[in-house]
Amino acid sequence: MVKLEKIYKEVYVVQDFALHETMELHELLNFKTVCMTTSKMIQGVVFDQELKALLEKDVQQSMQSVNVLQGLLGKTQPH
Amino acid sequence: MNYEKKPINAIKKPMSNDYLEIENSDGMPGLVDSTIALNFLLTAKSGIRNCAVALTEIADPEARTEVRKMLNVAIDLHAEISNLMMKKGWFHPYQVSEQFKLDKMSAQAALQIANMQLFPGDTSRLGTFATPNY
């Protein structure tokens with residue numbers, strides 16, 4: 001049982017992401033970065049305060065996502 | 001702010017080239033906000049699709065959980081944006097003819113703006129930034 005757990009850890013936790021997984025996470029990171037920047041900048045342009053609040057909400061959520069994605073990508077070694 | 005009831009419809013006459021004249025800016029706030037909101041909505045939609053597509057490519061359990069969380073958050077945000085747009089009268093999912101009318105008008109307004117010489121002259125403002133090596 002212990003051995004199985006060890007194998008599981010080696011296969012699923014310790015191992016690097018496959019290349020295509022890293023690519024997808026990287027693309028998500030880029031998308032989130034652009035969204036976050038755009039939403040922050042455009043807040044200075046909108047008139048409607050509710051829309052501005054929603055844009056700020058998006059910025060906060062994107063910050064969280066970017067941190068998570070960076071953490072995930074930090075697990076892998078660059079090849 | 002009481003522009004919400006007449007968003008894009010406020011622009012009836014052809015847009016004047018004199019964009020610095022204050023009376024030509026009638027209806028501008030609604031036009032700007034509805035355009036930005038539409039952009040926001042489309043980006044949220046792309047975000048949902050990107051997350052879903054990424055999810056089909058990822059096997060790692062931890063990464064899957066995180067991307068799935070992102071997908072759910074993105075879906076909720078998309079719902080909030082479309083609700084706001086419906087409330088403001090920028091988005092009519094149940095009245096297609098109204099939506100078409102609105103979209104035609106904003107396309108027309110966008111064409112008129114695209115035709116303007118908004119930024120004539122040199123827009124490099126490097127002198128005003130700390131860029132001694134340029």
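About the thresholds
- Residues numbered from 1 in each chain as written.
- Chains lettered and ligands numbered in written order.
- Predicted model: local features only at pLDDT ≥ 70, side-chain atom pairs only at ≥ 80, totals over all residues.
- Helix = DSSP H or I, 4+ residues; strand = E, 2+ residues; numbered from the N terminus.
- Buried ≥ 20, exposed ≤ 12 C-beta atoms within 10 Å, placed from the backbone.
- Contact = placed C-beta atoms within 7 Å.
- Core = buried A, V, L, I, M, F, W, Y, C linked by C-beta atoms within 7 Å.
- Nonpolar A, V, L, I, M, F, W, Y, C, P; charged D, E, K, R; others polar.
- Axes fitted to C-alpha atoms, helices over the stretch in contact; angles between N-to-C directions.
- Parallel < 35°, antiparallel > 145°, perpendicular 65-115°, else oblique.
- Left-handed = near helix turned anticlockwise from the far one by under 90°.

A. Seen up close, the overall build of chain B. Looking only at helices and strands, chain B has three helices and zero strands in total. Ordered by position from N to C terminus, the α and β elements of chain B give α-α-α. Counting over 134 residues, chain B shows a buried share of 21%. Nonlocal contacts in chain B, meaning residues at least 24 apart in sequence, comprise 60% of its contacts between residues at least 6 apart.

B. Local environment of the nonpolar core. Residues L51 of chain A together with A37, F40, A63, V67 and I81 of chain B are the most contacted members of the largest nonpolar core, which totals 26 residues. Going through the elements one at a time, α2 (19–42) and α3 (49–75) of chain A together with α1 (28–55) and α2 (61–88) of chain B are the ones with two or more residues in this core. Among all residues touching L51 of chain A, those that are not within four sequence positions of it are V46 of chain A together with D33, I36, A37 and L84 of chain B.

C. The interface of chain B and chain A, seen in detail. Facing 24 residues of chain B, the contacting portion of chain A comprises 23 residues. In terms of residue count, α1 of chain B provides more of the side of chain B that touches chain A than any other element does, ten residues in total. Considering only residue class, the side of chain B that touches chain A consists of 16 nonpolar, three polar and five charged.

D. Expanded view of the packing of α2 of chain A against α3 of chain A. All names here are of chain A. Contact geometry for α2 and α3: axes closest at 9 Å, N-to-C directions at 155 degrees. With respect to α3, the element α2 is oriented roughly antiparallel. The handedness of the crossing between α2 and α3 comes out as left-handed. Here T22, L25, H26, L28, L29, K32, T33, C35, M36, S39, K40 and I42 of α2 lie close against α3, whose contacting residues are L55, D58, V59, S62, M63, S65, V66, L69, L72 and L73. Counted by class, the contact of α2 with α3 contains 13 nonpolar, six polar and three charged residues.

Limitation: the analysis is restricted to geometry and does not speak to function.
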